[in-house]
Each structure stands twice: as structure tokens, then as C-alpha cells.
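Here is how the chains run, residue by residue.
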Amino acid sequence: MLAQILLVQCDERPNEALLEKLQQSLQYELHTCHLEHAFDALERVEPDLVLFNFVLTRDTDFSFLSSLKQSTSPLYLPFIVIANEFDEVVQQNALYAGADDFLVPPFSSALLFAKLETHLRTRHLSQRLIEKKENLAWYQERLRHEHLIVRNMFNNALSRNLQDCKQVETLLLPLSSFNGDLYLLAKGPLGSIYLLLGDFTGHGLPAAIGTLPTSQTFFAMAKRGAPIGQIAHEINQQLHKLLPENMFLCATLMELSASGNRVSWWSGGMPPALVIDADDSISQELMPQHLPLGILPPQDFEAGITMTRLEEGARVMLFTDGVIEMGIGQGKPLDYEDFYQICQQSRWNMAEIKQRLALEVMQRGINDDLSVMLLHCVPTGYAPRSTEEKLPSLPFEIRVHLTPNDIRHVDPVAQLLRGLSQLEGFPHFKARLYTALSEAYNNALDHGLLRLSSELKDTPDGFEQYYEERNRRLSSLHSGAIDITLSYQPPHRYLRVAVKDTGPGFAAQAQFTQRSTYSFGRGLLLIKELANNIRWFDQGRGIEFDFPLFDDEQVTPTNHQPVLP
Amino acid sequence: MSLTTEYANEGKQFIIHVSGRFDFSRVQEFRKSYDGMKESVRQVVIDFRKTEYIDSSGLGMLLNMRKSLGVDGRSYYLINCTASVRKVLDISRFDKLFVID
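What you are looking at is a predicted structure, and each value in this text was computed from that prediction instead of being measured.

Calculation criteria
Residues numbered from 1 in each chain as written. Chains lettered and ligands numbered in written order. Predicted model: local features only at pLDDT ≥ 70, side-chain atom pairs only at ≥ 80, totals over all residues. Contact = placed C-beta atoms within 7 Å. Nonpolar A, V, L, I, M, F, W, Y, C, P; charged D, E, K, R; others polar. Pairing = 2+ DSSP bridges. Helix = DSSP H or I, 4+ residues; strand = E, 2+ residues; numbered from the N terminus. Axes fitted to C-alpha atoms, helices over the stretch in contact; angles between N-to-C directions. Parallel < 35°, antiparallel > 145°, perpendicular 65-115°, else oblique. Left-handed = near helix turned anticlockwise from the far one by under 90°.

Draft legend 1. Local environment of the interface of chain B and chain A. The interface is formed by 37 residues belonging to chain B together with 35 residues belonging to chain A. When the residues that make up the side of chain B that touches chain A are grouped by side-chain class, the tally is 13 nonpolar, 11 polar and 13 charged.

This is the structure we're talking about:
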């Protein structure tokens, strides 16, 4: 594109010589205007360069030049004044007023064009600078927007953290808006508390990026109640696959049992966790025993955990190395001893520790993300509670007649349970119902059809011999049958169970009071405790009981003698 | 794999994870799981977190294990019991022989 040049004239008589020179050049497109129309022309022409061809004499001429120059955009627009004669003062004033150059005739076309080119080059530079600045602003805006999205994702990922957990107090102090330290908390299905305190290599966004896969794995596995070693193994595998070689996660994973008196933990590359007894003394340092997560390939990973039993009133403190690296860049590190001393002087009160650490941070400066976490080892209170389950409103009866062939090839108890589990409310009871039904069925099979004697089971070897003998007899069983009947009659909240065999029957009632064989006694005792209205029929060939479909109170095992050898 | 084992606490602890059913169908598998257990083990831990069902033969297997591994300098823990497993253990007063939680 040709450079646009605007020639502003004040003389009634245009400078013919100048016009001629400019028109000779094919590199410029020339526009002219009278001084009076200069502002309009600037807007209309959008020139790349302005030539002033008039005699500057009055003060108003300079101020006009000045205001015209100021009206232009930040993009450099060169103003060149062409005077009639050389006058140093006029030239000075013109430059101060906003002119960028000054030409005094006579001058050759060559000089004029050289001047024009020089200024156009500067304009071009200015243009590129402005473009770069705009680009930079655009990238900045985009980065801000992307950070916003990522932060949102982080917040969502971490929003699965267990809230309002009274057992856990934390102090989390990230160095930037993305935390390279990771703190995860979840409860397990049996009421235990899972926690992870970790520290990714580095800090800021690159360090925090591993948060997403780690937290997803952690929460999913905690929800399933997976053991700590398995969770560590899985996270290691994920991070090993995802992270670059030089990045990894130092972490302690810990599970506090629902009872609150035991922690299972896995630790790699972290400062030792501290066990603090009720008297505020440090009773143990839980030293990390492994490499950090994400370094070893899955086949070399060591998932070995440690179980530590805790006294009543114990606490466990975990922290990242940001705590003891504080001030290290300033030559004023806070070391382990200092930190322990702060904690001890604060009597392990988190609020106080927070205040003291905040002071230390102010004095020493902070170099890394910093996290401290205190776990109070008391019963978690998350153990599942019993509820009144809604039951089906239709009555039903299931009758099963099992021949030796059926008995050999199917597991009727498991199959019945699978079927019953489809019914509303039944899944809640299936484990206990399994136990009761399994006892009745195995009684009928072992003693009714197979005529096994429980006495065999009394010795360690006999125990296995019993089951080997059982298998032997079962494979050659040709006659006999077992009948199972399950009936449910709402609104009664129980399932009536009857199991009958075609064996000789036995006077089993005596078993309730006179248990000569412990193992067998245990089986009947389980039925007795799990069900109601137990009765034998058909000379001991059949047993019937009502299995309750409601939660009774916790078993208080006081009404019977222990049946242990 | 429904029955897995691991050593913890530097070989002083032996953990058996039982998943699914814990009844006579597991007799041999269970017995094998602690056959050849290191002498150094002081605590034997059965982790029931994944156990769905237990019956009296399961109880028998626990007693059997205790008898065969011995109680001299060894203690036995039954941990992470679901409510149903816990109930069965309570009924038979296993708390007298095992540490249950």
C-alpha cells in the first residue's frame, strides 16, 4: 500500500515546487488541504505522514500545530514543517509544539524523500510496537480466563473434600493462587477417615496440575473403602503415567479407623508425621518409608503400610516441608526443632500454632507452599447407622427342592440371596440373612444328608479333614433332598425360613443347652441370635425360624456363655 | 483375586484382606494364605472391609488360624468389620480372643 501523505498549506498560493516533487514519486499518495480543514482531513485521509507548508509567525500558529499533533492516536504520526527560510527560534518552537522535523528550502527531492522514508520507518516501528502491546494484552486476558477455568476445575475437584470434619484442623498457605500442596479428606463406608497430605515438586500451576488425577483416584477409592496401600499404588501408577520425569508427589496417606484408635499409613518423601500423646509429648515420629509417588513404575512400587495404634486422646500432626523450609532463601530457616518448639509451646493448639507460624512467615519470608494438619484420634462418628428400611408390600413364598445333583452344582444360599437382594429393603439385611440361612442349610447338608460329625473340626488338621471328607461324601451322594422355604407376609417384618432334609433327624434341641461340639454349637448359636422363634420339626429333620427384617439394638452378648474353646 | 496378603510395619505385621464371602468355600485358600508366614510377625491382622458374608465356618477358620500360628508373642486383630460381620463376631464373643475394631 502506498504511504498516505497529507500536505497542509496555509498560503493561498500552493507551493508548486514542492507539489511537483512529491507528485514525481510513485511511492506516495498525496492529499492536500488548507489549514482550516486540517482536522477534518486528518480524519478523512488517515495519513502516514503530515507535511506543513506554511510560515509560522504567530503564537496561534504554534498552538494550532500543537493541538493538531495531540489529536493524533498514540501511533507515531510524523509532522514535518517546511519553512520558507531558516530561523532557529521558529524551528525550536515548532519542534516544541510537536513537529518532528524541519526542512528549509532549497532542498533536493532526494533529501525530501530520505526524510520521508526515515519518518515512515519510525512510524512503522511504532505500529509494530502497538500491535505487540495489543497482542500481549490479549494473551494476558486469555491467560486470566484460562486460569479462571482451571481454578474452577480445582475447586470442583477439591469440593469433594469432607466438610465440617471435627477431627481435622488445617493450616493451608499456598505461595501462589495454585497450591502445589495437596490436602484431601474423605470418609470411608465403614466410618473411617481417609486423608492425604502431599507436596508436588515445585509450586504454582504446574505443580498443582497433578491434583486432578490424584484427587479423583483418592475420592473414588476412599468411597469404596479401599485399603491405604492400594490407594497409594493406584495414585503412583496414575502419576507415573502422567507426570514428566522430574515431577512427583511427596505424600502421606492415612486412614483413621472408625474407632479412632488406629491409623494405617503410607508415607513417601514427606517430613515425619508426629504422634502426640494426651500429655502433649511427641511419642512417635512416623518416618516415611518410601519414595514419593509417581517415580517408580507400578511393578516396582512398594505399597507397604504401617499400622500404628494410638492411645486415647492422641493426635497426629502432618506437615509439608514448606514449614521447615520457611525463610531458607533469606538465610533464616525455621528448622524441625524450632517448629516442634512452637507446637509444644502452643500445647498443639492449632489456632495458636497458626498465629505463631503467621508471625514466623512475616519475619522469615515464605519459599514454598506450606500446610499443617492436625488429626484428633477419637471415634469418627461416621460409622453407618441403622435405619428403618422400607419393605415390599407384596407377600411371597419361595420353595426350593434340592436333589443331590443340585446340591453338588449350585450354591443355593448365594443364589437365593442374590434374588432376594433385588427386593426393596432386603439388601440391608442380606449379610445377616446369609449367615442364618447358610447355617441352617449347612446343618441340613453336613449332618442330615452327609452324616458328618462336627467333632472332626476340633483340631487344626481335623478342620480341613472335615471339609475334605465333606467333599468326598458330597460327590458320592445319590439320595435325599433338602427343601428350603422362604415366606414373607407383610405387614410382618420378618422372613420365615424353613430348611428340611431327608436325613435321620436328631434331637438337636439339646444342642442349645448342651454344646458338646463347639463348631456346630456356634452355627446354631448364630441362628439363635440372628433370628426368632426357632423350632425344630419332623423329629429334628427340619428347622424353622423367623428372620427379622428390622434393625435390633447392638447385640449385648450377656445372655449366653461364650462358646470358645 | 479375593484374598490378598501383605506385610506391614517392617515385617512385624501380616495383613490378610478377605473380600466377598468368608465361609467353608475359602478353607484351603485361607489356610494357604498364612502358610509360610514369616516368623518375625507379631501381629496378624484380618481386614474385613471387603467381606460381605461370614458364617460359622468362617469363625472356625479364624480359630483354626490362631491355633495353628500360635499365641506366643503374637496377637490377632480383626479390623474394619462391617456391621453384619461385627454382629456375628460379637455373638460368638470373639472379642475374647481377638482385638476387634
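Draft legend 2. Structural context of the pairing of strand β18 (residues 494-501) of chain A. Residue and element names in this part refer to chain A. Sheet topology note: the strand β17 (residues 482-488)/β18 ladder contains 7 bridges and is antiparallel. Paired with Ser487 across the bridge in β18 is Arg496. Where β17 folds back on β18, the antiparallel hairpin that results is connected by 5 residues. Of the pairings in the sheet, the one linking β18 to strand β20 (residues 542-548) comprises 7 bridges and is antiparallel in character. Paired with Arg496 across the two strands is Asp546, which belongs to β20.

Draft legend 3. Quick look at the packing of helix α5 (residues 109-158) of chain A against helix α7 (residues 211-224) of chain A. Residue and element names in this part refer to chain A. Running from N to C, α5 and α7 cross one another at 20°; their axes reach a closest spacing of 10 Å. By the angle between their axes, α5 is roughly parallel relative to α7. Both α5 and α7 take part in a crossing whose hand is left-handed. Together, Met153, Phe154, Ala157 and Leu158 of α5 and Thr211, Leu212, Ser215 and Gln216 of α7 make up the contact between the two elements. Looking at the contact of α5 with α7, its residues break down into 5 nonpolar, 3 polar and no charged.

Draft legend 4. Layout of the sheet that holds strand β14 (residues 315-319) of chain A. All names here are of chain A. Here 5 strands make up an open sheet; going across it, the order is β6-β15-β14-β11-β12 and the pairing antiparallel. Of all the strands in the sheet, the pair left with one neighbour each is β6 (168-173) and β12 (282-286). Averaged over all adjacent pairs, the angle separating strand axes in this sheet is 15°, with direction ignored. In terms of strand pairing, β14 meets strand β15 (residues 370-376) through 5 bridges, oriented antiparallel. When the bridges of β15 are listed, Leu318 appears paired with Met373. Sheet contacts for helix α10 (residues 350-364): β6 and β15; angle to β6, the most-contacted strand, approximately 15°.

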